[in-house]
Amino acid sequence: MRGVSARTTTTTDRRDASWARDRLGARTTANRSRIGGSSSRMGATTTRTTYVETSEGCADALVAVVKNASARAIASRGTFSIALAGGSLIRMLGALKKADAEVEFGKWVVFWVDERCVKWADAESNFGGAKRALFDDVDVPKSSLFAIDETLCETNAGAAIPCAEAYEKDLRALTPHAIELDANGLPVFDMLLLGFGPDGHICSLFPNHELLKATDGWILPITDSPKPPPERVTFSLPVVNAAREKVFVASGEGKAEMTARILEEAPQDGSIPAALVTGNVRWIIDAAAASKMRNK
Ligand SMILES: O=C1O[C@H](COP(=O)(O)O)[C@@H](O)[C@H](O)[C@H]1O
């Protein structure tokens with residue numbers, strides 16, 4: 001593959017959701033034990049990091065990771081459930097078209113880890129961007145592409161709550177047959193493709209935001225997103241962490257500072273949401289994004 005170095009490192013730690021747990025001291029024991037009981041949050045976090053030279057290298061490495069996970073999931077359960085971020089990650093998605101002959105796109109079920117409450121044709125729509133970059137050209141059945149209900153987004157104001165309710169209903173209808181549930185009753189996506197902002201946000205979970213502590217609800221509305229548009233929907237942090245594999249792609253100098261902070265400082269106080277992702281985590285990083293890391 002172009003630009004993919006052979007160098008992949010693996011680290012394992014015992015990081016758990018201590019930030020959420022500590023701040024939840026005032027909550028009931030029942031709530032605490034639900035959080036503490038999640039195996040993906042309390043078990044070891046394994047981080048595999050693949051270093052590549054260029055953004056093309058990132059795209060190629062991403063294709064290899066998705067192709068393998070898709071084949072494994074389809075062989076064992078007949079479907080592959082994947083949820084996608086938006087933003088700059090969308091630029092990478094088109095590379096998956098190269099794997100068209102080897103990937104059984106017909107067996108995919110696709111969600112978005114977060115969405116801005118706008119019409120699909122709006123330039124801000126994460127679904128619209130992914131559709132143009134990939135899904136217009138591969139054979140994922142339309143009925144397996146789970147976008148938010150755009151009819152609820154005539155205006156951004158007032159859209160987040162009804163959109164989140166409807167989107168969670170769609171997700172619940174797919175469990176447990178197409179998307180498994182874990183021991184805590186959380187949906188287990190086979191793979192999440194995550195981005196992160198320069199502030200360390202993931203999905204539409206922003207630094208120090210109350211929503212980081214949410215333990216009820218799979219899809220959360222946010223009405224005060226610091227990054228426009230203000231009204232969005234997002235996976236909750238427990239749903240993110242319940243996924244079988246989380247893949248971060250860090251490409252370009254603009255991601256360098258935050259990549260180093262997430263991987264080398266990993267504060268657990270909610271100031272960098274990306275550092276709260278636990279379980280089976282994979283990073284694909286190009287040279288520009290890795291340029292501020294001290295240990296690589
Ligand atoms: O608003 C969002 O931002 C993040 C990061 O986007 P990027 O353009 O800075 O890479 C993205 O992961 C999220 O899905 C999106 O809605």
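Residues numbered from 1 in each chain as written. Predicted model: local features only at pLDDT ≥ 70, side-chain atom pairs only at ≥ 80, totals over all residues. Heavy atoms only, no water.

The name given to the protein in an unreviewed UniProt entry is Probable 6-phosphogluconolactonase, and the organism recorded there is Ostreococcus tauri. UniProt lists a comment for the protein under the heading Catalytic activity (unreviewed entry), and it reads "6-phospho-D-glucono-1,5-lactone + H2O = 6-phospho-D-gluconate + H(+)". The record in UniProt for the protein states the following under Pathway (unreviewed entry): "Carbohydrate degradation; pentose phosphate pathway; D-ribulose 5-phosphate from D-glucose 6-phosphate (oxidative stage): step 2/3." (UniProt positions renumbered as here; feature names shortened; annotations may be inferred.)

**Some details on the environment of Ile 272**
Mapping Ile 272 onto the fold places it in the loop between helix H9 (256-265) and strand S12 (280-285). With residues up to four places along the chain from it excluded, the contact list for Ile 272 reads Gly 200, Met 258, Arg 261, Ile 262 and Pro 267. (Helix = DSSP H or I, 4+ residues; strand = E, 2+ residues; numbered from the N terminus. Contact = heavy atoms within 4.5 Å.)

**Quick notes on the environment of Gly 252**
On the secondary structure map, Gly 252 appears in the loop between strand S11 (245-250) and H9. Separated by 51 residues in the primary sequence, Gly 252 and His 201 have C-alpha atoms spaced 17 Å apart. Contact partners of Gly 252, with chain neighbours within four places excluded, come to Asp 286, Ala 288 and Ala 289.

**Some thoughts on the sheet that holds strand S10 (residues 232-235)**
One key point about sheets: their strands pair by backbone hydrogen bonds, in either a parallel or an antiparallel sense. Strand order in the open sheet formed by three strands is S5-S10-S9, and the pairing between neighbours is antiparallel. The outermost strands of the open sheet, each flanked by one partner alone, are strand S5 (114-116) and strand S9 (219-222). Strand-to-strand twist of the sheet, defined as the mean angle between neighbouring strand axes without regard to direction, takes the value 20°. Bridging between S9 and S10 involves four bridges; their strand directions are antiparallel. Counterpart to Ile 222 in the pairing with S10 is Arg 232. Sheet strands in contact with helix H7 (residues 160-173) are S9 and S10, and its direction is about 170° off that of S9. (Pairing = 2+ DSSP bridges. Axes fitted to C-alpha atoms, helices over the stretch in contact; angles between N-to-C directions.)

**Comments concerning the site of the ligand**
The full set close to the ligand counts 15 residues, and Gly 86, Ser 88, Asp 114, His 201 and Lys 227 are the nearest of them. One of the side-chain N or O atoms of His 201 is found 2.9 Å from an oxygen atom in the ligand. Measuring from an oxygen atom of the ligand, one finds a side-chain N or O atom of Arg 232 at 3.0 Å. For the ligand, the accessible surface in isolation is 390 Å², of which the surrounding protein chains cover 92%. A breakdown of the residues in the shell around the ligand according to their chemical character gives three nonpolar, seven polar and five charged. (Near = heavy atom within 4 Å. Polar contact = N/O pair within 3.5 Å; in protein donor to acceptor, adjacent residues only side chain to side chain. Areas by Shrake-Rupley, 256 points an atom, 1.4 Å probe, with all protein chains shown as cover. Nonpolar A, V, L, I, M, F, W, Y, C, P; charged D, E, K, R; others polar.)

**Quick notes on the pattern of salt bridges**
Evaluation of the coordinates by the stated rule reveals 18 salt bridges. With a shortest N-O distance of 2.8 Å, Arg 282 and Glu 245 are connected by a salt bridge. Of this pair, Arg 282 sits in strand S12 while Glu 245 is found in strand S11, placing the two residues 37 residues apart along the sequence. The exposure class of Arg 282 is buried, given its relative accessible area of 18%. As a salt-bridge pair, Arg 261 and Glu 265 come within 3.3 Å of each other at their nearest N and O atoms. Of this pair, Arg 261 and Glu 265 both sit in helix H9, separated by four residues, roughly a single helical turn. For Arg 261, a relative accessible area of 29% translates into the label partly exposed. The structure contains a network of salt bridges with shared partners spanning Arg 77, Glu 180, Asp 190 and Arg 244. (Salt bridge = Lys/Arg side-chain N within 4 Å of Asp/Glu carboxyl O. Buried < 20%, exposed > 50% of the residue type's maximum accessible area, 1.4 Å probe, protein only.)

**Some details on unusual backbone geometry**
Cis geometry is adopted by the peptide bond preceding Pro 176, which originates at Thr 175 and carries an omega value of 0°. Put simply, Pro 228 and Pro 229 share a cis peptide bond, and its omega is -5°. By secondary structure assignment, the location of Pro 229 is in the loop between S9 and S10. The backbone of Cys 203 sits at a positive phi, close to 50°, despite the residue not being glycine. Relative to the helices and strands, Cys 203 resides in the loop between strand S8 (191-194) and S9. You will see that Asn 208, though not glycine, has its phi angle at about 60°, which is positive. Note that Asn 208 resides in the loop between S8 and S9.

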